[in-house]
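Coordinate analysis (summary)
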Amino acid sequence: QDGDIINVPSAQHFYITGMVRNPGTFVLNPGMSIQQAIALAGGLNERGSDRRIKISRIVDGKLTELGVKLEDKIQPGDTISISGRFF
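1. Looking at the overall build of the chain
Counting its regular elements, the chain contains 1 helix and 5 strands. Ordered by position from the N terminus, the helices and strands of the chain form the series β-β-α-β-β-β. Its C-alpha atoms give the chain a radius of gyration of 16 Å, clearly above 12 Å, the size a compact globule of 87 residues would have. Along the longest, intermediate and shortest principal axes, the C-alpha atoms of the chain span 65 × 30 × 20 Å. In the chain, which comprises 87 residues, the share counted as buried stands at 29%.

Below is the structure:
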């Protein structure tokens, strides 16, 4: 009605860097996996590897780097780092 105020919370984000086609910031859908995040970023580029994926995450106020699997879930604010192949 006239005078109503609607508050819309901002979307939660994650970041993906490294050997993907479109690195950058993306909106986090609840329950999203690492594999889904890579697909959202356009997939791996020709040098990308789905092994040795790392996530930088703030845990107890400290920045922590974690090794993850493709089926692991993303949390808001995560930075996913995709490394390249060795050959």
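That covers the picture; the talk isn't over yet.
2. Quick notes on the sheet that holds strand β4 (residues 62-67)
Read across the open sheet, the 5 strands follow the order β2-β1-β5-β3-β4; overall the sheet is mixed. Where the open sheet ends on each side, the last strands, each with one partner, are β2 (24-27) and β4. Sheet twist, expressed as the average angle between the axes of neighbouring strands with direction ignored, equals 25°. Bridging between strand β3 (residues 54-59) and strand β5 (residues 79-82) involves 3 bridges; their strand directions are antiparallel. Of the residues in β5, the one forming a bridge with Ile55 is Ile80.

3. Looking at the pairing of β5
Every other side chain in a regular strand lies on the same face of the sheet, so the side chains alternate between the two faces. The alternating pattern of β5 places Ile80 and Ile82 on a buried face and Thr79 and Ser81 on a face that is not buried. With 4 bridges joining them, strand β1 (residues 13-18) and β5 adopt parallel strand pairing. Counted as the bridge partner of Thr17 is Ser81 from β5.

4. Section: the nonpolar core
With 16 residues, the main nonpolar core has Phe14, Ile16, Ile34, Ile74 and Ile80 as its most contacted residues. For this core, the secondary-structure elements that each account for two or more residues are β1, α1 (34-40) and β5. It is α1 that provides the largest number of residues to this core, a total of 3 residues. Residues in contact with Ile80, not counting those within four places in the same chain, are Phe14, Tyr15, Ile16, Thr17, Ile34, Ala37, Ile53, Lys54, Ile55 and Ile74.

Calculation criteria
Residues numbered from 1 in each chain as written. Predicted model: local features only at pLDDT ≥ 70, side-chain atom pairs only at ≥ 80, totals over all residues. Heavy atoms only, no water. Helix = DSSP H or I, 4+ residues; strand = E, 2+ residues; numbered from the N terminus. Rg over C-alpha atoms; globule rule 2.2 N^0.38 Å. Buried < 20%, exposed > 50% of the residue type's maximum accessible area, 1.4 Å probe, protein only. Pairing = 2+ DSSP bridges. Axes fitted to C-alpha atoms, helices over the stretch in contact; angles between N-to-C directions. Core = buried A, V, L, I, M, F, W, Y, C linked by side-chain atoms within 4.5 Å. Contact = heavy atoms within 4.5 Å.

Geometric descriptors of this kind do not, in isolation, establish any biological role.
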